Every structure is written in structure tokens, then in C-alpha cells.
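Spelled out from the first residue to the last, the chains are:
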Amino acid sequence: MTHSNADPEVQSRLELAVSAARAAGAITLNWFRQSTLDVERKGDGSPVTAADRASETLLREQISVRFPDDAILGEEFGEKPGTSPYRWVLDPIDGTKSFIAGVPLYTTLVAVMKDDQPLIGVIYSPATDEIVYAATGGQTWFAIGDSAPVEARVSSTERLAEATFVTTEVGKYSRLGKQSVRDVYNHLEKSCRLSRTWGDAYGFLLVATGRADVMVDLFISLWDAAALKPVIDGAGGHYSDWRGEPSVHTGNAVATNRHLAGTVLGLTREA
């Protein structure tokens, strides 16, 4: 594994985050595109499967063995308090709707926060066997399968007319009932060279590796967002919320390269 953080506390957690994300993601493939997959609905109406629960269980077990004093927050099993400054934030299957439909653009997300700020981020795509990972202040690394990791870099695209714009779900832009929010999507869809719903965390992976230029997500939880910022920042990109704040706590996210950040945030700030 490649990394550049000299702090052994961070380095050891980064190594576990990468290996655990791979192992937990691999578990999901036991249910992926299988007729035996059962789907339940949580209280908020969102879907959950045995794959979500098995994946998060493995993550929690591995973290608790190596770092028993660290706190853990996961989408499926809530909060486990800790006594150290570190808190793991887990989303075993980000993009459960894609997973259920047999679409390979879902991911396993593992993040570590310190003092409530993102420190480590891992995005692993089990079905395509792609991984990006970073620690804050360091480089983002990208690997496919067993290949050696290479430095991940955002694109150098300078104009929306040349850009690929990805998002999670077009209907979300109408959910708030504000025409100005819908106008953001309309403007980006019209202005960019290509617009696709290759969304959820996979869209952020695409931005970090220079294959997409703009990713916008209107509704995300902390377990969706915590892993994203270190990855985008370490790849030379710009991560913020809709108002331009570099926060993972506000429930929405924008990721671009540095050239396009001002243009895109000029749209979202006014919505």
C-alpha cells in the first residue's frame, strides 16, 4: 500500500481503512445480482439488505480489534462511543439502490475523523474493484484490482462546455420545492459537454481520478460525506458544500477541479 503520512497513528488507521474497505466490499458481492437478495425498508423509506448489515458488521469487528478505544458511527448500526480522539464513519453500501438493481456503481465508504474533522477517506467500488484513498494533507492514491496504486489527480478541464457533470438523482433537485435549486441542475445539464447520473460516492471517485469534472449531491449524511473530502482534496480538487464551506456536516456536497470550482459554486451559492 502506498501512503505518505508519517504520523504512525494516522498511518496505521489508513492501512486498516483500506484493507477493511476491501474486505467489507468483497462481502457485498455475495449478494450482488443474486435472486436471493431480500430488500427491506427502513423507517425513512430507504432500502437496506443483508449485504449492508454483513459488510458493516465486518468493518466494526476489524476496527474494534485494532482500535478498541476509537468511536464508530455506521449507517446501519448507529454509534459506538469511544475514548480516543478518533471516530470511524462507515457506509457499507453507498448507492444501495444501484446495488439492488445490479448496477455496479455502488461503493463501500470508510472514513476516520479526528476532533470531528475528516482525517482519512476510502472509497472502494467492489463490483469494478477500484479504490481511492487518502489522509488529509497527503496524496490520493488510486488502484484497480491488484495493480500498484498510482497518484489520483482531478482533471484539468477549464470550461463547463468541456466538462462531464455527474449527480446522483435528477429528481432531488425538485425535492426542496425551490425553482432556483432545479435551475442549478438545468444550467449544468445544458452547459456541460456530458451529464450523467453516475452518482453517489462513485461520482466523487470519478472526479478524483479525472474522469468526471463536476459532482453535485443535494442530500447526503455524514457517513456519505466523511470519506469524500480527503479523497477530493488529496487529488488536487475542490470539495465543499453548496455554500462553498469545506464541511462534511451540512448535508450536501460539490466536488470539482480547481478551474471549475468558482463557476459551479457561483450557481449553487445562489440557489
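Conventions and cut-offs
Residues numbered from 1 in each chain as written. Predicted model: local features only at pLDDT ≥ 70, side-chain atom pairs only at ≥ 80, totals over all residues. Heavy atoms only, no water. Helix = DSSP H or I, 4+ residues; strand = E, 2+ residues; numbered from the N terminus. Rg over C-alpha atoms; globule rule 2.2 N^0.38 Å. Buried < 20%, exposed > 50% of the residue type's maximum accessible area, 1.4 Å probe, protein only. Phe/Tyr/Trp six-rings, centres within 6.5 Å; stacked < 30°, edge-to-face > 60°. Pairing = 2+ DSSP bridges. Contact = heavy atoms within 4.5 Å. Axes fitted to C-alpha atoms, helices over the stretch in contact; angles between N-to-C directions.

(A) Quick look at the overall build of the chain. Each helix and strand in the chain was counted, giving 9 helices and 15 strands. At 18 Å, the chain has a C-alpha radius of gyration in line with the 18 Å of a compact globule built from 271 residues. Taking the principal axes of the C-alpha coordinates as reference, the chain spans close to 50 × 45 × 35 Å. Here the chain holds 271 residues, and 55% of them are scored as buried.

(B) Main features of the packing of aromatic side chains. The final tally for this structure, using the stated rule, is 8 aromatic pairs. A ring pair is formed by Y173 and W242, whose centres lie 6.5 Å apart and whose planes are at 45°; its orientation type is tilted. Taken together, the residues span a long stretch of sequence, with Y173 in helix α4 (residues 172-175) and W242 in the loop between β14 (238-240) and β15 (253-256) at a distance of 69 residues. An identical accessibility class is assigned to Y173 and W242; each is buried. An aromatic cluster is defined as three or more aromatic residues linked by ring pairs; in this entry it consists of F165, Y173, Y185 and W242.

(C) Representation of the sheet that holds strand β4 (residues 78-80) in the model. The sheet built from 8 strands is open, its strands ordered β4-β3-β5-β6-β7-β8-β9-β10 with mixed pairing. Taken across any chain shown, the strands that pair with only one partner, and hence form the sheet edges, are β4 and β10 (150-151). Looking at chain direction, strand β6 (residues 107-114) and strand β7 (residues 117-125) are connected through 7 bridges and run antiparallel. Bridging from a neighbouring strand, M113 pairs with P118 of β7. Packing of helix α2 (residues 50-66) onto the sheet brings it into contact with β3 (71-74), β4, β5 (86-94) and β6, and relative to β5 it is tilted by some 155°. Here helix α6 (residues 200-208) sits on the sheet in contact with β5, β6, β7 and β8 (130-135), set at roughly 100° to β7.

(D) Local environment of unusual backbone geometry. Despite not being glycine, D129 has its phi angle at roughly 55°, a positive value. Of note, D129 is situated in the loop between β7 and β8. Residue D129 is classed as partly exposed on the basis of its relative accessible area of 27%. One non-glycine residue, D200, lies in positive phi territory at about 55°. What makes D200 buried here is its relative accessible area of 19%.

(E) Layout of the sheet that holds strand β12 (residues 194-196). An order of β12-β11-β13-β15-β14 is seen for the 5 strands of this open sheet, with the pairing classed as mixed. Strand pairing shows two members of the sheet lacking a second neighbour, β12 and β14, which therefore form its edges. Across the sheet, the mean angle from the axis of one strand to that of its neighbour is 10°, orientation sign disregarded. As defined by bridge partners, β14 adjoins β15 across 3 bridges and the pair is classed as antiparallel. Considered in β15, the bridge of H238 is made with T256. Across the sheet, α6 is in contact with β11 (164-167), β13 (214-217), β14 and β15; its angle to β13 comes to roughly 155°.

In short, the description is geometric, and any link to function would need to be established separately.
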